[in-house]
Amino acid sequence: MDTAMMIDTVRLTPILMADPPLLNTQGVHQPYTPRLIVEVVTKGGVTGVGETYGDGKYLDIARPLAEALPGHPVTDLNGLFALAEQVCGDSRAADESVDAGGLRGVQTTDKLRLSVVSGFEVACLDALGKTLGLPVHALLGGKVRDSVEYSAYLFYRWAAHPEGGESDDWGAALDPAGVVAQARRFAREHGFTSFKLKGGVFEPDEEIAAVRALAEAFPGRPLRLDPNGAWSVKTSLYVAEELKDVLEYLEDPASGTDRMAEVAAGTDVPLATNMCVTTFPEIPEAFARGAVQIVLSDHHYWGGLHRTRELAAICRTFGVGLSMHSNTHLGISLAAMTHVAATVPGLGHACDSHYPWQTEDVITTRHVFDGGRLAVSDAPGLGVELDRERLAALHRRWLEDDGTMRDRDDASAMRVAEPGWRTPSVPRW
Ligand SMILES: O=C([O-])C(=O)C[C@H](O)[C@@H](O)C(=O)[O-]
Ligand SMILES: [Mg+2]
């Protein structure tokens, strides 16, 4: 092995990035959200970057991995998983409770560890690509498309955070007219032609009305509604019936494979998930029972870009569709998402991305959507460059935080406006 490819140093930089007051069934986004920036520096002097969740429970796992990694080659991506299993130990947070922050079903040690490994895997791929002069998509077997389509990710939202934070000019969106106005701006500014509404916030009939209003404003466009498992089977079937003529898919209407299978058996509207199928062991039962027709991949969940491609192959084999999920993220992850999406055959749905909501970034040049699509970079590695000043500023914000924002907590942010708020139990409606 060429010593230039050996990892010399790993730098972890937790940051807090601004996030608007987006509503979901758990509560509302806090003014700042944590992310972790991973830098892998090779003995050849090349730096690769990756990004993942930055809450304390992820940092606990990332630190021992960062310490153990020097001396390993950036090419040994399979070894990364074994090393992580060996050194990371169990996270204090993996208590099988529902992962409120990530809205990703029950949290387990495996899920937390894989999310951390994903940031390291991407950083290694970036370093390897830069060393070889190849784009990340080439390291994954080569792109099958030159651009990747994203959908507009619409949220009910407040105009501002009650406790302060950064401001923006989006205004509130709390009814069908507000949702349509938001969608029109997304279409105008980014060219998106497919739309997803984050639901589970208001009574189902209000959300049905919002999707109907979108269908009128954008006739024939793909529309999705995602209440993050907030509905009963009965309510899910009711919503599916009301919207069957306009929905591309219904995303996680009900919680868990059992309920999703029941809903799927009662409607022809395809069901998508980023909650009941988020790891490989969850696939056999969900597929055998026909609980989901589309899996939303997310390289942070599945353990990186190679594993996302493995997921895609399994979905293809079983005739299950593939789309892509997104939590709040920066431009590093968007670059990684775009590279892997570019290599996957049969990506039949526009990918989700929170990116248009993010006013801050740690890369020097922001990604720009054109016609709702991102061009796939052919530059070496991910094709992004760290803006060290911005990174330092967002890290400073993390250092100065008293701890309230370091762990995402949408319910506590909601309590600022509604002191009696508790995370709703499921099904909520
Ligand atoms: O189910 C989904 O698509 C998500 O969980 C995406 C995000 O987590 C979103 O719901 C959020 O951040 O409020
Ligand atoms: Mg979802």
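Residues numbered from 1 in each chain as written. Chains lettered and ligands numbered in written order. Predicted model: local features only at pLDDT ≥ 70, side-chain atom pairs only at ≥ 80, totals over all residues. Heavy atoms only, no water.

Under an unreviewed UniProt entry, the name given to the chain is glucarate dehydratase, and the source organism is Streptomyces formicae.

Caption draft 1: Layout of a negative patch on the surface. On the surface, Asp 175, Glu 203, Asp 205, Glu 206 and Glu 242 cluster together into a negatively charged patch. Residue classification places Asp 175 among the partly exposed residues on the basis of a relative accessible area of 39%. (Patch = residues over 30% accessible without salt bridge, like charges linked within 9 Å, V, L, I, M, F, W, Y side chains within 5 Å. Areas by Shrake-Rupley, 256 points an atom, 1.4 Å probe, with all protein chains shown as cover. Salt bridge = Lys/Arg side-chain N within 4 Å of Asp/Glu carboxyl O. Lys, Arg positive; Asp, Glu negative; His and termini not counted. Charge placed at Lys NZ, Arg CZ, Asp CG, Glu CD. Buried < 20%, exposed > 50% of the residue type's maximum accessible area, 1.4 Å probe, protein only.)

Caption draft 2: Focus on the coordination of the magnesium ion (ligand 2). Within the first shell, the magnesium ion (ligand 2) binds the protein through Asp 226 (OD), Glu 251 (OE) and Asn 274 (OD1), at distances of 1.9 to 2.2 Å. Counting the intervening residues between successive donors of the magnesium ion (ligand 2) yields the motif D-x24-E-x22-N. Here Asn 274 lies in the loop between β11 (271-273) and α9 (283-288) and Asp 226 lies in strand β9 (residues 223-226), a separation of 48 residues in the sequence. The same class applies to Asp 226 and to Asn 274, which are both buried. (Donors = N, O, S within 2.8 Å, 3.2 Å for Na, K, Ca; no water. Helix = DSSP H or I, 4+ residues; strand = E, 2+ residues; numbered from the N terminus.)

Caption draft 3: Focus on the environment of Arg 307. Positionally, Arg 307 belongs in helix α11 (residues 305-317). Distance from Arg 307 to Leu 114, taken between C-alpha atoms, is 10.0 Å for residues 193 residues apart in sequence. With residues up to four places along the chain from it excluded, the contact list for Arg 307 reads Phe 81, Leu 114, Phe 280 and Trp 302. (Contact = heavy atoms within 4.5 Å.)

Caption draft 4: Broad picture of the packing of aromatic side chains. Overall, the coordinates contain 13 aromatic pairs when judged by the stated rule. Ring geometry for Tyr 53 and Tyr 58: centres 4.9 Å apart, planes at 20 degrees, overall stacked. Residue Tyr 53 is classed as buried on the basis of its relative accessible area, which comes to 7%. Taken together, a centroid distance of 6.5 Å and an interplanar angle of 80 degrees make the contact between Phe 155 and Trp 357 edge-to-face. With a gap of 202 residues between them, Phe 155 in strand β7 (residues 152-155) and Trp 357 in the loop between α12 (331-343) and β14 (373-375) connect regions that are remote in the sequence. (Phe/Tyr/Trp six-rings, centres within 6.5 Å; stacked < 30°, edge-to-face > 60°.)

Caption draft 5: Quick look at the site of ligand 1. Neighbouring residues of ligand 1: 17 residues in total, closest Asn 24, His 29, Lys 198, Asn 228 and Asn 327. Note that an oxygen atom of ligand 1 is positioned 2.8 Å from one of the side-chain N or O atoms of His 29. Separating an oxygen atom of ligand 1 from a side-chain N or O atom of Lys 196 is a distance of 2.9 Å. In isolation ligand 1 exposes 330 Å². Once the protein is present, 100% of that is buried. Broken down by secondary-structure element, the contributors of at least two residues to the shell around ligand 1 are β7 and β8 (195-198). Of the residues assigned to the shell around ligand 1, the class counts are 3 nonpolar, 9 polar and 5 charged. Looking at which domains feed residues into the shell around ligand 1, each of domain 1 (3-137 + 387-400) and domain 2 (141-375) supplies at least three. (Near = heavy atom within 4 Å. Polar contact = N/O pair within 3.5 Å; in protein donor to acceptor, adjacent residues only side chain to side chain. Nonpolar A, V, L, I, M, F, W, Y, C, P; charged D, E, K, R; others polar. Domains from an automatic or database assignment.)

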